[in-house]
Amino acid sequence: MTATNRWDELHEQPRFCPVYPHEKVVAFTFRSFPRDRAGSFRILDVGCGAGRHAIFLASEGYRVVALDYSARGVDETARRAGAAGLTIETCVAEADTLPYADGSFDGVVCYGVLCYLPWERKAQAIRELHRVLVPGGKAFVMTRSTEDSRFRGAEPLGHRTFRLRDLGDGAPSSAESGMLMSAMTRDDAHELFGAFGEVVVNRSTIESAEGAFIDDDWHIHATRSPR
């Protein structure tokens, strides 16, 4: 089964089609793009999945483009938007080959996406996020750190890139067993986002099962330098 087919399959399951946006995405949006001028901002949701962040953004009046390499996820985003009476432009494409001109967006949201790319494609995807932002545009990215428990005993495939082992039925992320995933350190994050004028890297660590499983993530705020 290809990675695309795997995500198409997962997007058939309600668990992988969450409705509510992550609070960090909400905070980033309102701090970066004033709500009273929402219609003047065009925001790209890279790796939209079933559309929880795209729907949130559109419901607040932002102009939204939602992109994912899973056609099933994009279809669900479009269905939800239609049911809510919202207008969202959708596209099936890869994060490292964004089909948009330079400086097309005021903002980018990329939540829990880049970790599913091998290292070189991840680096290229970050270059693409920078390219499609206007000068002064802002991006919010969540991706996995090297301390995440998913990487314990994982099979190395290249620089900071792994094939996950069987995570076990008790793992909150058990559906990711066997997937390719890449990780980064804080220094990696600053290096990979170095083309942006301002980069803030914050860590988020959440334990479950009394520490048996750890979600260890980077929340990265990156602003493209003004002209």
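Scroll up for the structure.
Residues numbered from 1 in each chain as written. Predicted model: local features only at pLDDT ≥ 70, side-chain atom pairs only at ≥ 80, totals over all residues. Heavy atoms only, no water.

Trainee: Got a minute to help me understand the sheet that holds strand β8 (residues 180–182) in this structure?
Mentor: Strand-to-strand pairing in sheets goes through backbone hydrogen bonds, with the strands running parallel or antiparallel. Taken together, three strands build an open sheet; the order of strands is β6-β7-β8 and the sheet is antiparallel. Edge positions in the sheet fall to β6 (155–158) and β8, since each has one partner strand and no second. Neighbouring strand axes in the sheet, compared pairwise and without regard to direction, differ in orientation by 35 degrees on average. With three bridges joining them, β6 and strand β7 (residues 161–163) adopt antiparallel strand pairing. What sits directly across from Pro156, in β7, is Phe162. (Pairing = 2+ DSSP bridges. Helix = DSSP H or I, 4+ residues; strand = E, 2+ residues; numbered from the N terminus. Axes fitted to C-alpha atoms, helices over the stretch in contact; angles between N-to-C directions.)

Trainee: What's the story with the sheet that holds strand β9 (residues 198–208) in this structure? I'm lost.
Mentor: Ordered by their spatial adjacency, seven strands build an open sheet running β3-β2-β1-β4-β5-β10-β9, and the pairing between neighbours is mixed. Sheet topology places β3 (88–92) and β9 at the edges, where each strand pairs with a single neighbour. The average undirected angle you get between the axes of adjacent strands in this sheet is 15 degrees. Pairing analysis gives five bridges linking strand β2 (residues 63–68) to β3, with the strands arranged parallel. Bridge pairing links Ala66 to Thr90 in β3. Relative to the sheet, helix α2 (residues 23–32) contacts β4 (105–111), β5 (133–144) and β10 (213–223), its axis offset from that of β5 by approximately 165 degrees. The strands that helix α3 (residues 52–59) touches are β1 (42–46), β2, β3 and β4; relative to β2, the one it contacts most, it runs at about 170 degrees. (Contact = heavy atoms within 4.5 Å.)

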